[in-house]
Amino acid sequence: TIFYATLARACYPPLSSTNSSSNMKICVTGAGGFIGGHLSRRLKAEGHHVIGADWKEQEYFEKSEFCDEFLLLDLRTLENCLRATQGCDWVFHLAADMGGMGFIQSNHSVILYNNTVCDFNVMESCRRNGVKRMFYASSACIYPEDEQVVRQTTESLDKL
């Protein structure tokens, strides 16, 4: 957790330094998850109005710690996506249907369907609601198993 927090601070400047408006309305889909919750917490700490949206509750933080509003919604429904993104300046789309490897291996088509519908609905709601920017994060689960290996490298991280 400390590594990811340090990496996020090092790689990404505060949004307030990249936008003239220091208090934007931002929706984070997948805010009930680990990464979405931490991103929401950072955005809220920067002074933004954060709307968290997910089909599961946040396990790591109290609502007041990571968002101003939390919407317990199924993002496979366009109306729910329209509600979550209404009036937002930016959307960080991190929501995904996930599970352990056993679930993933035995439910390929269900996961593909759920995530595709969710992704299209979030994108369409951003278009309809005039969202200025949308960030889409996919999942490591989209890569074939043979591509999910740790490769040794002799190059330093500075060169990457």
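Residues numbered from 1 in each chain as written. Predicted model: local features only at pLDDT ≥ 70, side-chain atom pairs only at ≥ 80, totals over all residues. Heavy atoms only, no water.

1. Focus: the pairing of strand S1 (residues 25-29)
When you tally the buried positions in S1, you get four out of five residues, the bulk of the element. Across five bridges, S1 lies against strand S2 (residues 49-54) in parallel orientation. In the sheet register, Val-28 faces S2, and the bridge partner there is Gly-52. With helix H2 (residues 34-45) bridging S1 and its parallel neighbour S2, the resulting β-α-β unit is right-handed. Bridging between S1 and strand S4 (residues 90-93) involves four bridges; their strand directions are parallel. The residue of S4 that forms the bridge with Ile-26 is Trp-90. (Buried < 20%, exposed > 50% of the residue type's maximum accessible area, 1.4 Å probe, protein only. Helix = DSSP H or I, 4+ residues; strand = E, 2+ residues; numbered from the N terminus. Pairing = 2+ DSSP bridges. Right-handed = clockwise from strand over helix to strand, strands pointing away.)

2. Here's the deal with the sheet that holds S2
Sheet architecture is open: five strands sit in the order S3-S2-S1-S4-S5, paired in parallel fashion. Two strands in the sheet have a free side with no partner beyond their single neighbour: strand S3 (69-72) and strand S5 (133-136). Each strand of the sheet is rotated relative to its neighbour by a mean of 15 degrees, with strand direction disregarded. Set on the sheet, H2 makes contact with S1, S2 and S4; between it and S1 the angle comes to about 170 degrees. In this fold helix H6 (residues 108-129) packs onto S1, S4 and S5, with an angle of close to 175 degrees to the strand it touches most, S4. (Axes fitted to C-alpha atoms, helices over the stretch in contact; angles between N-to-C directions. Contact = heavy atoms within 4.5 Å.)

3. Digging into H2
The first and last C-alpha atoms of H2 sit 17 Å apart over 12 residues, in line with the 16 Å expected at 1.5 Å per residue. Along H2, the residues classified as buried are Gly-36, Gly-37, Ser-40 and Leu-43. All buried residues of H2 project into a common sector of 130 degrees when viewed along the axis, lining one side. The exposed set on the far side of H2, more than 90 degrees from its buried face, consists of Ile-35 and Ala-45. Immediately beyond the C-terminal end of H2, within one or two residues, lies Gly-47, with a positive phi of roughly 100 degrees. (Expected span 1.5 Å × (residues − 1). Arc of directions from axis to C-beta.)

4. Observations regarding H6
Compared with an ideal rise of 1.5 Å per residue, which puts 22 residues at 32 Å, H6 spans 31 Å between its outermost C-alpha atoms and is within 8% of the ideal. Of the positions making up H6, those classed as buried are Ile-111, Asn-114, Asn-115, Cys-118, Asp-119, Asn-121, Val-122, Ser-125 and Cys-126. When H6 is viewed along its axis, its buried side chains cluster within an angular range of 165 degrees and face the same direction. With respect to the buried face of H6, the exposed residues turned more than 90 degrees away are Ser-109, Leu-112, Tyr-113, Phe-120 and Arg-127.

5. Topic: a nonpolar patch on the surface
On the surface, Phe-120, Met-123, Met-134 and Tyr-136 cluster together into a nonpolar patch covering about 390 Å² of accessible area. At the level of secondary structure, the elements contributing two or more residues to the nonpolar patch comprise H6 and S5. (Patch = residues over 30% accessible without salt bridge, like charges linked within 9 Å, V, L, I, M, F, W, Y side chains within 5 Å. Areas by Shrake-Rupley, 256 points an atom, 1.4 Å probe, with all protein chains shown as cover. Salt bridge = Lys/Arg side-chain N within 4 Å of Asp/Glu carboxyl O.)

6. Considering the pattern of salt bridges
Taken as a whole, this structure holds seven salt bridges when the rule is applied. Across the pair Arg-128 and Glu-124 runs a salt bridge, and its minimum N-O distance is 2.8 Å. With Arg-128 and Glu-124 both in helix H6 and four residues apart, this pair spans about one turn of that helix. For Arg-128, a relative accessible area of 48% gives the class partly exposed. Residues joined in a network through salt bridges with shared partners are Glu-124, Arg-127 and Arg-128.

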